[in-house]
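# Results of the structural survey
Take a look at the letters that make up each chain.
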Amino acid sequence: MLERYNFFRCITASALIAAPLFCGYINANAENVTADDFIIDFSDDNAELYRYIGEDSTVTVPDYIDGVSVNSINENLFPPECKSRLYSVVWQSTLNVPPKIFRDAVSLSDVSFEPHKIAIGESAFENTPIKKLILPYNTIVGNNAFLDCIRLESLTIGNGSTNILNGAFMDTFSLKEIVFPENAEKVTIGENSFASCGFIGPVPNINLFFALMKLASCGLSHVEIPSYVEKIQKDAFNNCFDLKEVTLNGTTDIADDAFSECWTLSNINIDLDSDLNGGAFSNCINLMNINGEPVINDDGSLVSKFEDFITRNFKDTHEIGFINKYTAYCIRKMVNENISHSMTEVQKVKALHDAVCNMVTYDDYNNYHDDVSVFLTNQTICDGYARLMNLLLHEAGFETCYVRNLSHAWVIVKVCGYYFHLDPTWDDFDTISYDWFLKDDSYVRNEPDSHATWLLEVPSSLHSFQKNELPVCDTVIGDVNKDGCVDALDASIVLTEYADVSVGLPMSLELILADCNFNGRIDAVDASKILQIYTQNSVSD
């Protein structure tokens, strides 16, 4: 049965079906609420605050009414027309704050909680203009409880146990202060709890449980991780767009991408003898300093004092400022050491192909694949081989692109005006092979397990030079007369050309098509190689 507390007027039958008059007083402490402000449902021995029908902008939600304990609160307690004028709420009730109860209360700027312990339901205060919030001693803040509270500037955590669930304070763009007590029992912060907030300041001296923490997209400018913090979870500080400095104390276990996409992060403070998961800082493209000092020399090489630390901790990292600079330096150095201006295009490509095969060992454990891996470990998988080959060829002046499928990666390079596939991974044996050097589309597709299909991809910003269109590789080395097949006629043409060149006549063939052993000249060996290709093709046909 629904009853309305009323001192001065009655509810008529047209307003409430069989709603008898009930007079009484609310809790004496609820000074902002009059007894005629609520409809109460007393059905099933349950006293439920069913509907607020008062007209005040300041409301107290009571724990008792006239000595009767309120043991239930309807989540629709405040209808839309009431929410629109609510300015202040005092929550005296020891009951949980129901989900969505104040959502879209567009004028609600002040809320206070009097109980020692409270649970705030999902989206309870979503999209309200609350400016300051003090949580009780023990609090559970539900999913999205204060989502889109864009005017919230200050949050104070209680001294007891606080559990902030996923997205609780997401998109609180004005949040500049989170006050943590020195001796709280436990604080847990869930995924994206402070995503896109404006919070600035160091992590407080409190036993935070960072394993659950994801302060994604917040406005931190500096964060200091105390030594007692055991773990920082993936994406914990993702996209903290104002974060400029991180100080790490102790041996905190930091997951991959914990500080990813912090675009303005420029410095890490850390003991150089400690271990660190460098992958935590992926996509921190302006990270150039450690302990306030540049990691990279002017030429891109590593400053000697940081060499051991970087080698130990950044073996497979990507899109980190100083790692990209160091990778670019290593690429330049490797190109300069292996090619010269006197080489033909084919000789240059072959020299770089051979340098990759000689330097790199295949990583059977699949640990390393990023651009820098080969320079810090000399190990990588096909992905790393292809990345390295792509960067070297580009630095040497070739048009090149990285291609891959679900199981493999290699490159396509333009040599002497023609596009070819080049797969250094599959050529890397004790003796370097050229079975996958400068091959056409048909040849590659004949290996159905790893090369049957391929797509263009830009694996990192270092490869942004690539064109957007996937090249067609329809040229076959050895097909000197361009009739679409390699046969005895091509071998005969090459032998004739060899004889003419030997007596001083000018070359008439395209060297790229006739130089089958890639030594930079036409000779009888090329004719022999063409006949070998012809024989192999005849057998396979």
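Relevant structure appears above.
Each chain carries its own residue numbering, running from 1 in the direction its sequence is written. The model is predicted, so local features are restricted to residues of pLDDT at least 70 and side-chain atom pairs to those at 80 or more, both for listing and for counting; the totals for chains, interfaces and linings are taken over all residues. For the side-chain quantities, the full set of heavy atoms in the structure was used; hydrogens and water were omitted.

### Observations regarding the sheet that holds strand S28 (residues 400–404)
Strand-to-strand pairing in sheets goes through backbone hydrogen bonds, with the strands running parallel or antiparallel. Across the sheet, which stays open at both edges, the 5 strands sit in the order S31-S30-S29-S28-S32 with antiparallel pairing between neighbours. Two strands close off the open sheet at either side, each with one partner strand: strand S31 (437–439) and strand S32 (455–456). Looking at chain direction, strand S29 (residues 409–415) and strand S30 (residues 418–422) are connected through 5 bridges and run antiparallel. Note that in S30 the partner of Val 413 across the bridge is Phe 420. Every residue pair with non-hydrogen atoms within 4.5 Å of one another is taken to be in contact. Working convention: axes come from line fits to C-alpha atoms, limited for helices to the stretch in contact. Angles between N-to-C directions cover 0 to 180 degrees. Secondary structure is summarised from DSSP: a helix means a run of H or I of at least four residues, a strand means a run of E of at least two, and numbering begins at the N terminus for each. Across the sheet, helix H4 (residues 345–359) touches S29, S30 and S31, and the angle it forms with S31 is around 120 degrees. A pair of strands counts as paired when DSSP detects no fewer than two bridges linking them.

### Brief notes about the packing of helix H3 (residues 321–338) against H4
The angle between the axes and the distance between the axes are what describe a pair of packed helices. Where H3 contacts H4, the two axes come as close as 10 Å, and the packing angle between them is 115 degrees. Considering the relative orientation of H3 and H4, their crossing is right-handed. Residues Met 334, Val 335 and Asn 338 of H3 touch H4, and the partners they reach there are Ala 351, Leu 352, Ala 355, Val 356 and Met 359. Residue classes follow a fixed rule: Ala, Val, Leu, Ile, Met, Phe, Trp, Tyr, Cys and Pro count as nonpolar, while Asp, Glu, Lys and Arg count as charged, and any other residue, Gly among them, counts as polar. Its residues assigned to classes, the contact of H3 with H4 comprises 7 nonpolar, 1 polar and no charged. Take the far helix as your reference; a near helix turned counterclockwise from it by less than a right angle gives a left-handed crossing, and one turned clockwise gives a right-handed crossing.

### Things to note about the pattern of salt bridges
Here, a salt bridge means any side-chain nitrogen of Lys or Arg that lies within 4 Å of a carboxyl oxygen of Asp or Glu. Tallied over the entire structure, the rule returns 13 salt bridges. Its salt-bridge partner being Lys 305, residue Glu 293 comes within 3.2 Å of it at the nearest N-O pair. Linking Glu 293 in strand S25 (residues 293–294) with Lys 305 in helix H2 (residues 304–313), this pair joins segments that are 12 residues apart in sequence. Each residue gets one of three labels from its accessible area relative to the maximum for its type: buried under 20%, exposed over 50%, partly exposed in between, using a 1.4 Å probe on protein chains only. You can call Glu 293 partly exposed: its relative accessible area is 33%. Residues joined by salt bridges that share partners form a network here, namely Asp 370, Asp 371, Asp 383 and Arg 387.

### Some remarks on the sheet that holds strand S21 (residues 245–248)
Strand order in the open sheet formed by 5 strands is S19-S21-S23-S24-S25, and the pairing between neighbours is mixed. Two strands in the sheet have a free side with no partner beyond their single neighbour: strand S19 (222–225) and S25. Where strand S24 (residues 289–290) lies against S25, 2 bridges are found, and the strand directions are antiparallel. Bridge assignment links Asn 289 to a residue of S25, and that residue is Pro 294.

### Comments concerning the environment of Asp 487
In this structure, Asp 487 sits in the loop between S32 and helix H8 (488–502). Taking the relative accessible area as the measure of exposure, Asp 487 reaches 15% and is therefore buried. Taking the C-alpha atoms as reference points, Asp 487 and Ile 533, 46 residues apart in sequence, are found 7.8 Å from one another. Of note is the side chain of Asp 487, whose polar atom sits 3.2 Å from the backbone nitrogen of Leu 489. Under the rule applied, a polar contact is a pair of N or O atoms within 3.5 Å (in protein, one hydrogen donor and one hydrogen acceptor; residues adjacent in sequence only if both atoms are side-chain atoms).

### So, the pairing of S29
The element S29 is extensively covered by neighbouring structure, given that 6 of its 7 residues are classed as buried. The pairing of S28 with S29 spans 5 bridges and is classified as antiparallel. In the strand pairing of S29, Tyr 402 is matched with Val 411. Adjacent in sequence and paired antiparallel, S28 and S29 are bridged by 4 residues. Counted between consecutive antiparallel strands, the loop separating S29 from S30 contains 2 residues, among which Cys 416 sits at a positive phi close to 55 degrees.

### As for the side chain of Asp 441
Inspection of the secondary structure puts Asp 441 in helix H7 (residues 441–445). Of the side chains with opposite charge, Arg 445 lies nearest to the buried Asp 441, which makes no salt bridge, at 4.4 Å. In terms of polar contacts, Asp 441 uses its side chain to reach the side chain of His 421, at 2.6 Å. Charged residues are defined narrowly, with Lys and Arg counted positive, Asp and Glu counted negative, and His plus the chain ends left uncounted.

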